[in-house]
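Secondary and tertiary structure notes
Each chain, letter by letter, is given below.
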Amino acid sequence: MKYQISKGTKSFGVETVFENIQFEIKEKEKIAVVGRNGCGKTTLLKIIAGVEELDSGTIHQENRMRIGYLAQTTFEDESRTAEAELKLAFAGLKELESKMRELSRQMEHDYGEALLDQYARVMTEFEERGGYTWEAEMHTIFTKFGFAKEDLQKPIYAFSGGQKTRLGFVKLLLSRPDILLLDEPTNHLDLDTIEWLEGYVKHYPKAVVLVSHDRMFLDDVCDVIYELEFGVMRKYVGNYTHYVEMKKQDVERAKSAYARQQQEIKRMEELIEKFRYKKNKAAFAQSKIKYLERMEKVEEIKTDDRQFAARFTPRVKGGRRVLSIADLHIGYDHDLAVIDLTIMQGEKVAVIGPNGKGKSTFVKTLMQQVPARSGEFLLGHQIEIGYFDQELAQFQRNATVLEEVWNAFPHLDRTQVRTALGRFLFSGEDVFKTTDVLSGGGKVRLSFVKLMLAQPNFLILDEPTNHLDLAGKEALENALREYEGTMLFVSHDRYFIRSLATAILVIDAGKATYYPLSYAEYLERLKQEGAVHEDVVAHHGAEPIKEKNKKVRLINYAKEAAKLEKQIARKEQELEDARALRFEPEYYHDYQKMQALDEQIDEIHNEIEHLLALWETYSEQIDH
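This one's a predicted model, so the numbers in the text were calculated from it and none came from an experiment.

**Side note on the pattern of salt bridges**
Side-chain pairs of opposite charge can arise whenever the charged atoms involved come near each other. Applying the stated rule across the entire model yields 34 salt bridges. Here Arg105 ties to Glu102 by a salt bridge, and the two come within 3.2 Å at their closest N and O atoms. Taken together, the residues Arg105 and Glu102, both in helix H3 (residues 91-106) and 3 residues apart, mark about one turn of the helix. Residue class for Arg105 comes out partly exposed when judged on its relative accessible area of 37%. Among the residues examined, Glu102 registers a relative accessible area of 33% and is labelled partly exposed. With a closest N to O distance of 2.4 Å, Asp250 and Arg253 form a salt bridge.

Next up, the structure:
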């Protein structure tokens, strides 16, 4: 057991976040903490990280355990280069390396078993923490998060706020903690990076605890789910889909058990009432009273299954041709992409592609918030747009929730406005809150109240699921699936895209490619075409390389991969033989020989890393 909370309780003022929870982290578990926004998920991560404390309960954790948590992106010295900052993540490795050298020097004079054992332990830890591969790993992770290798030499102050957040994330991953804590790790990452991160977390050699609203990420990565609901924690073994099914079954069983017991209690009470005043039945009645007193009561299960009940209905049907785009150049000081596209009535088009390549710029151009550099677009007959802006900047200042909607739709009466708000979970005093105090999820729901009442026949949505919890995402999906109008939406949520898209528009490398396919069909098409991405180049927006003579190439790749596997095996044996020499008196009695041996081991390590990198490249080509 790496970490355990027993009977943990946490409150803020009079509000109890959770009470008497049991939570544990085992060796290599990948754990997700799920629940409604505000249920205490992030608070739990902060407690594990040592940022917050429990009010009561006990915590047990292994000695010298390293816990990594990206609370917020802060850098002590922003004049440092990115490379210098990232190298700080390897401070512990440098200490281990120094310790190894010191022990090696001591072994020149001290031939004791204890010193030899200590050297072996330090060396093992050094290797496990990537002592021989840290530089290659730093470059790989840095470029996977959308940076160019040249960016390593830039000072931190030269990066944008979003880039600094990603830089902090890279540093956290490089530190390789024993428990990696991730709070919404996929936020603001593009699809390629999310998929890479998914693989990284899944194969991370230590424990991971994450909070995420990305259902596909949870499905593919996690093997344990902890749910927080009404301050109570429940554990489910399995991924997110399994958790949903098991939770449903648990709730049904609990409700059934509660109903059965209530019926039994009612029957007993009726018997007691019937016989308690009859002399010859008084003893019977008393026995039933005692039976009820001793009965272990089944608690009525509380579940938060509230979902907003949106229904988007177009006011008018509109023309069959919804949007025509001809040679549209989008961008600011240079072209980001050139787009030719026709969207027909009823289509639901998902816009995907790497970050920074023009997805949101395209949407803003259609909304005339950013002027087109050249080209044109034309809306069809009676097409009315409803727009969702991911920046949530379309609210009046100091207006209440009620005023925000009523001002936009003055022809509605108070009851109609409150009914619409109620459908999106704004009830009671919630409607008198000012819009500036709403959470991100609250602002998203309010935006959709207005969209629902506007009744557009063409929805343009820029990252509509950002800030929504899992229940909110599912409710929005259900509503948009029933929508009979047309949609163009930007999203990084693969589950959302898979659920809704009837067509895919990929914006990348200066152009837009349209696929009249569902997301699953689009992915299958890529496989059939043999579309592959070079590791680093793909994250800088290069186009997919379409393989020619694919079968011949695959055979060649397989042959090269097989050769490399044999070379790697030989080198690994060579490495083991060299390591064994460290325990020979000839070496640990001779400092110079030991130093030369360490250099030889480093060299073999580097050769293996190079061979592995080549093997991975060929293997990826084969897999695609």
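**A short note on the UniProt feature "coiled-coil region" (unreviewed entry) in the protein chain**
Per the UniProt record, the feature "coiled-coil region" (unreviewed entry) sits at residues 86-113, 244-278 and 554-614. Counted over residues 86-113, helix gives 68% and strand 0%. Its end C-alpha atoms are 37 Å apart.

**Details of the sheet that holds strand S10 (residues 321-331)**
Ordered in space as S13-S10-S11-S18-S17-S12-S16-S15-S14, the 9 strands form an open sheet in which the pairing is mixed. Pairing within the sheet leaves two strands with one partner each, and these edge strands are strand S13 (374-379) and strand S14 (385-388). Neighbour to neighbour, the strand axes of the sheet diverge by 15° on average, direction disregarded. One ladder, built from 8 bridges, connects S10 with strand S11 (residues 335-344); its direction is antiparallel. Bridging from a neighbouring strand, Ile330 pairs with Ala337 of S11. The sheet contacts of helix H14 (residues 440-454) involve S14 and strand S15 (458-462), and relative to S14 the element is tilted by about 175°.

**Here's the deal with the sheet that holds strand S2 (residues 15-25)**
With antiparallel pairing, 3 strands are arranged side by side in an open sheet as S2-S1-S4. Unpaired on one side and paired on the other, S2 and strand S4 (56-61) mark the two borders of the sheet. Between one strand and the next, the sheet's axes are offset by a mean angle of 20°, whatever the strand orientation. Alignment of strand S1 (residues 3-12) against S4, held across 5 bridges, turns out to be antiparallel. Each residue of the ladder has a partner; that of Tyr3, found in S4, is Gln61.

**Comments concerning the nonpolar core**
Ranked by size, the top nonpolar core spans 62 residues in total, and within it Phe145, Leu167, Leu173, Leu197 and Leu210 carry the most contacts. Residues in contact with Leu197, not counting those within four places in the same chain, are Phe145, Phe169, Leu173, Pro185, Leu189 and Phe217. Residues Ala310, Ala479, Met487 and Leu526 belong to the second largest nonpolar core, which totals 49 residues.

**A short note on H14**
Between its first and last C-alpha atoms H14 spans 21 Å; for 15 residues at 1.5 Å apiece the expected length is 21 Å, and the two agree. For H14, the complete set of buried residues consists of Gly441, Gly442, Val444, Arg445, Leu446, Ser447, Phe448, Val449, Lys450, Leu451, Met452 and Leu453. Each element contacted by the buried residues of H14 is listed here: S14, helix H12 (401-408), helix H13 (414-423), S15 and helix H15 (470-482).

**Describing the environment of Gln22**
By the secondary structure assignment, Gln22 is in strand S2. Distance from Gln22 to Tyr226, taken between C-alpha atoms, is 9.8 Å for residues 204 residues apart in sequence. Polar contacts involving the side chain of Gln22 include one to the side chain of Ser6, which spans 3.5 Å.

**Structural notes on the packing of H12 against H13**
Contact geometry for H12 and H13: axes closest at 10 Å, N-to-C directions at 120°. For the element pair H12 / H13, the angle class is oblique. The way H12 lies across H13 gives a crossing that is right-handed. Here Val401, Leu402, Val405 and Trp406 of H12 lie close against H13, whose contacting residues are Arg414, Val417, Arg418 and Leu421. Split into classes, the residues belonging to the contact of H12 with H13 amount to 6 nonpolar, no polar and 2 charged.

**Digging into empty space enclosed by the protein**
Here the structure, examined in full by the defined rule, presents 2 cavities of 30 Å³ or more. Put simply, the largest cavity is a space of about 50 Å³. Contributing to the lining of the largest cavity are Arg66, Ala89, Phe90, Leu93, Arg129, Leu174, Ser175 and Arg176. Along the lines of polarity and charge, the residues of the lining of the largest cavity split into 4 nonpolar, 1 polar and 3 charged. Approximately 30 Å³ is the volume found for the second largest cavity.

**Some thoughts on the packing of H12 against H14**
The geometry of a pair of packed helices is captured by two quantities: the angle between their axes and the separation between those axes. Between H12 and H14, the shortest axis-to-axis distance is 10 Å and the interhelical angle comes to 25°. Here H14 runs roughly parallel to H12, going by the angle between their axes. Where H12 crosses over H14, the handedness of that crossing is right-handed. In contact with Val401, Glu404, Val405 and Ala408 of H12, H14 contributes Leu446, Val449, Lys450 and Leu453. The residue makeup of the contact of H12 with H14, split by class, is 6 nonpolar, no polar and 2 charged.

**Regarding the packing of aromatic side chains**
For the structure on display, the rule yields 18 aromatic pairs. Ring centres of Phe145 and Trp196 lie 5.7 Å apart, and the angle between their planes is 85°; on these two criteria the pair is classed as edge-to-face. On the criterion of sequence distance, the pair formed by Phe145 in the loop between helix H5 (134-144) and helix H6 (161-174) and Trp196 in helix H7 (residues 191-202) is long-range, its members being 51 residues apart. The same class applies to Phe145 as to Trp196, namely buried. For the ring pair Phe308 and Phe424, a centre distance of 5.1 Å and an interplane angle of 20° mean the geometry is stacked. Residue Phe308 is located in the loop between helix H10 (282-294) and S10, and its partner Phe424 is located in the loop between H13 and H14; the two are separated by 116 residues in the primary sequence. By relative accessible area, which is 0% here, Phe424 ends up buried. Every member of this aromatic cluster is reached through a ring pair, and the members are Phe145, Phe169, Trp196, Tyr200 and Tyr204. In this structure, Arg445 packs its charged tip against the face of Phe426, placed 4.5 Å from the ring centre. A cation over a ring is seen here: Arg498 above Tyr495, with NZ or CZ 4.9 Å from the ring centre.

Procedures and definitions
- Residues numbered from 1 in each chain as written.
- Predicted model: local features only at pLDDT ≥ 70, side-chain atom pairs only at ≥ 80, totals over all residues.
- Heavy atoms only, no water.
- Salt bridge = Lys/Arg side-chain N within 4 Å of Asp/Glu carboxyl O.
- Helix = DSSP H or I, 4+ residues; strand = E, 2+ residues; numbered from the N terminus.
- Buried < 20%, exposed > 50% of the residue type's maximum accessible area, 1.4 Å probe, protein only.
- UniProt positions renumbered as here; feature names shortened; annotations may be inferred.
- Pairing = 2+ DSSP bridges.
- Axes fitted to C-alpha atoms, helices over the stretch in contact; angles between N-to-C directions.
- Contact = heavy atoms within 4.5 Å.
- Core = buried A, V, L, I, M, F, W, Y, C linked by side-chain atoms within 4.5 Å.
- Expected span 1.5 Å × (residues − 1).
- Polar contact = N/O pair within 3.5 Å; in protein donor to acceptor, adjacent residues only side chain to side chain.
- Parallel < 35°, antiparallel > 145°, perpendicular 65-115°, else oblique.
- Left-handed = near helix turned anticlockwise from the far one by under 90°.
- Nonpolar A, V, L, I, M, F, W, Y, C, P; charged D, E, K, R; others polar.
- 1 Å grid on protein atoms, 1.4 Å probe; cavity = no way out; pocket = protein on both sides within 12 Å on 5 of 7 lines; lining within 4 Å.
- Points joined across faces, edges and corners; volume = space filled by probe spheres on them.
- Phe/Tyr/Trp six-rings, centres within 6.5 Å; stacked < 30°, edge-to-face > 60°.
- Lys NZ or Arg CZ within 6 Å of the ring centre and 35° of its normal.

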